[in-house]
Amino acid sequence: MDRVTKLASERPVVIFSKSSCCMCHTVKTLFSEFGVNPAVYELDEIPRGRDIEQALAGLGRSPSVPAVFIGGELVGGSNEVMSLHLNRSLIPMLKRVGALWV
């Protein structure tokens, strides 16, 4: 859990993902199209990725990926990110943490 917290606070936007996850790809594409450069951790490609996945599940994430942190806080997965985007809350949130300037 400490590792998740540490990684999640290192950049304004952090995404825990799996390379084979289509919803992870969708979330990463959304941020990319905004011009945001998140830290992305592909749990199926990094050492101890399984441990991080279990820690995310312990936070109530089911499925555990994608898990999006903005400003060090867990925002949620694809449903939560898309809901924030649709209600026009996502961009102000990204600006507030310095992930987006325009």
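You'll find the structure just up there.
Residues numbered from 1 in each chain as written. Predicted model: local features only at pLDDT ≥ 70, side-chain atom pairs only at ≥ 80, totals over all residues. Heavy atoms only, no water.

Novice: Would you mind going over the overall build of the chain with me for this structure?
Specialist: The secondary structure content of the chain amounts to 5 helices and 4 strands. Order of helices (α) and strands (β) in the chain, N terminus to C terminus: α-β-α-β-α-β-β-α-α. Taken over the C-alpha trace, the chain has a radius of gyration of 13 Å; the compact-globule value for 102 residues is 13 Å, and the two agree within 12%. Across the 102 residues of the chain, 43% fall into the buried class. In the chain, once contacts between residues fewer than 6 apart in sequence are set aside, the share between residues at least 24 apart is 61%. Surface exposure of the chain reaches about 5700 Å², of which carbon and sulfur atoms provide 52%. (Helix = DSSP H or I, 4+ residues; strand = E, 2+ residues; numbered from the N terminus. Rg over C-alpha atoms; globule rule 2.2 N^0.38 Å. Buried < 20%, exposed > 50% of the residue type's maximum accessible area, 1.4 Å probe, protein only. Contact = heavy atoms within 4.5 Å. Areas by Shrake-Rupley, 256 points an atom, 1.4 Å probe, with all protein chains shown as cover.)

Novice: I tried to follow the sheet that holds strand β2 (residues 39-42) on my own but got confused; where do I start?
Specialist: Two modes of strand pairing occur in sheets, parallel and antiparallel, and in both the strands are linked by backbone hydrogen bonds. Ordered in space as β2-β1-β3-β4, the 4 strands form an open sheet in which the pairing is mixed. Of all the strands in the sheet, the pair left with one neighbour each is β2 and β4 (73-76). Ignoring which end each strand starts from, the neighbouring axes of this sheet average 25° apart. As judged from the 4 bridges shared by strand β1 (residues 13-17) and β2, these two strands associate in the parallel manner. (Pairing = 2+ DSSP bridges. Axes fitted to C-alpha atoms, helices over the stretch in contact; angles between N-to-C directions.)

Novice: What exactly am I supposed to notice about the packing of aromatic side chains here?
Specialist: The geometry of an aromatic ring pair comes down to the distance between the two centres and the angle between the two planes. Counted under the stated rule, the structure contains 2 aromatic pairs. With a centroid separation of 5.5 Å and 25° between ring planes, the pair formed by Phe16 and Tyr41 is classed as stacked. Placement of Phe16 in strand β1 and of Tyr41 in strand β2 is noted, with a sequence separation of 25 residues between them. Here Phe16 falls in the buried class, since its relative accessible area comes to 0%. Tyr41 gets classed as buried once you look at its relative accessible area, which sits at 18%. (Phe/Tyr/Trp six-rings, centres within 6.5 Å; stacked < 30°, edge-to-face > 60°.)

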